[in-house]
Amino acid sequence: SNCPPDAVPAAARFEPLLTIRSNFVAGRNHPLACRAQVSAQDLCAAQWALVRRPHVADFLDSFFASQGFPALTGSVETNSLTSLKALVMSGRYLSLLAEPWVGDEMRRGDIVALPVAGAPVLRQAGLITRDGVEQRPAVERAIAVLRGVCAAWQAECEGLRAGAQPHGSPGRGTALP
């Protein structure tokens with residue numbers, strides 16, 4: 001599951017398996033990509049390309065409301081990751097994207113993480129199970145494999161971030177912050 005812990009029913013248990021980091025991102029040629037700091041007002045005035053997921057819309061609505069700005073309007077929405085990346089790399093659109101989705105493009109410098117206060121956005125992803133219900137042995141084995149895969153993937157993501165080098169000139173966004 002990829003949901004906030006407060007959305008988990010009382011009769012269930014949420015076990016975080018990994019942390020998903022998302023950044024406000026732009027293509028390297030976007031006017032905000034070279035800024036040392038990007039404000040909520042800058043973000044609000046930009047064109048957006050967004051993944052069609054409720055948690056993204058909810059976060060952005062909350063983020064802009066907390067800064068005194070209205071919800072985004074007129075953004076492009078899609079479920080196609082290829083389309084999202086192409087729109088962002090065109091230099092015309094911003095997005096909020098998870099690092100695993102754009103890690104290669106960030107390492108190449110095609111997409112940059114914008115220096116925005118409050119970023120990156122961290123979300124916990126994991127398992128939701130019912131309290132007091134004993135799992136079958138096959139389910140327990142599958143869960144153990146999932147835990148191992150998630151731990152290895154999380155370690156790989158952290159290693160990439162630790163080894164990533166900033167690109168471009170001073171003041172530009174950095175790869176995998």
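Moving on to the confidence of the model for the protein chain. For the protein chain, per-residue confidence averages 84 on the pLDDT scale, and residues scoring 70 or more make up 88% of the total. Every residue in residues 164–177 is under pLDDT 50, and counting partners more than four places away or in other chains gives 35 contacts.

Let us look at the pairing of strand β1 (residues 12–27). Burial runs high along β1: 13 of the 16 residues are buried. Relative to strand β6 (residues 121–130), β1 is paired through ten bridges, and the arrangement is antiparallel. Each residue of the ladder has a partner; that of Arg13, found in β6, is Thr129. The pairing of β1 with strand β4 (residues 94–98) spans five bridges and is classified as antiparallel. Opposite Ala26, over in β4, you have Leu94 as the bridge partner. Taken together, the three bridges between β1 and strand β5 (residues 111–113) define a ladder with antiparallel strand orientation. Bridge pairing in β5 places Val25 opposite Ala113.

Before going further, it helps to spend a moment on the packing of helix α3 (residues 81–89) against helix α4 (residues 99–108). Contact geometry for α3 and α4: axes closest at 11 Å, N-to-C directions at 40°. When the interaxial angle is binned, α3 and α4 end up oblique. Handedness of the crossing formed by α3 with α4: right-handed. Taking contact as the criterion, the partners of Leu81, Lys85 and Met89 in α3 are, on α4, Trp101, Val102 and Glu105. Among the residues forming the contact of α3 with α4, the class breakdown is four nonpolar, no polar and two charged.

Burial analysis of β4 places five of its five residues in the buried class, which makes it a mostly covered element. Here β4 shows no split at all, with Leu94, Leu96 and Ala98 on one side and Ser95 and Leu97 on the other all buried.

If you look at the biggest cluster of nonpolar residues, it comprises 32 residues, and the most contacted ones within it are Phe24, Leu43, Trp48, Leu60, Leu94 and Leu114. Broken down by secondary-structure element, the contributors of at least two residues to this core are β1, α1 (40–45), β2 (49–51), α2 (54–66), α3, β4, α4 and β5. Top element by residues in this core is α2. It accounts for four residues. Setting aside anything within four residues of it in sequence, one finds Leu114 in contact with Phe24, Val25, Ala26, Leu32, Ala33, Val38, Leu43 and Leu94.

Attention now goes to α2. In this model α2 runs 18 Å from its N-terminal to its C-terminal C-alpha over 13 residues, within 8% of the 18 Å that 1.5 Å per residue would give. When α2 is considered as a whole, its buried residues turn out to be Val56, Leu60, Phe63 and Phe64. All buried residues of α2 fall inside an arc of 90° around its axis, so they share one side. Across from the buried face of α2, at angles greater than 90 degrees, the exposed residues are Pro54, Asp58, Ala65 and Ser66. Note on α2: the residue one or two positions beyond its end, Gly68, has a positive phi of about 85°.

Think of it this way: side chains of opposite charge can pair up when their charged atoms draw near. Scanning the model with the defined rule gives eight salt bridges in all. In this structure, Arg21 engages Glu99 in a salt bridge whose closest nitrogen and oxygen atoms are separated by 3.1 Å. Of this pair, Arg21 sits in strand β1 while Glu99 is found in helix α4, placing the two residues 78 residues apart along the sequence. Comparing Arg21 with Glu99 shows no difference in burial state: the two are buried.

Reading the values: the criteria
- Residues numbered from 1 in each chain as written.
- Predicted model: local features only at pLDDT ≥ 70, side-chain atom pairs only at ≥ 80, totals over all residues.
- Heavy atoms only, no water.
- pLDDT = per-residue confidence, 0-100.
- Contact = heavy atoms within 4.5 Å.
- Buried < 20%, exposed > 50% of the residue type's maximum accessible area, 1.4 Å probe, protein only.
- Helix = DSSP H or I, 4+ residues; strand = E, 2+ residues; numbered from the N terminus.
- Pairing = 2+ DSSP bridges.
- Axes fitted to C-alpha atoms, helices over the stretch in contact; angles between N-to-C directions.
- Parallel < 35°, antiparallel > 145°, perpendicular 65-115°, else oblique.
- Left-handed = near helix turned anticlockwise from the far one by under 90°.
- Nonpolar A, V, L, I, M, F, W, Y, C, P; charged D, E, K, R; others polar.
- Core = buried A, V, L, I, M, F, W, Y, C linked by side-chain atoms within 4.5 Å.
- Expected span 1.5 Å × (residues − 1).
- Arc of directions from axis to C-beta.
- Salt bridge = Lys/Arg side-chain N within 4 Å of Asp/Glu carboxyl O.

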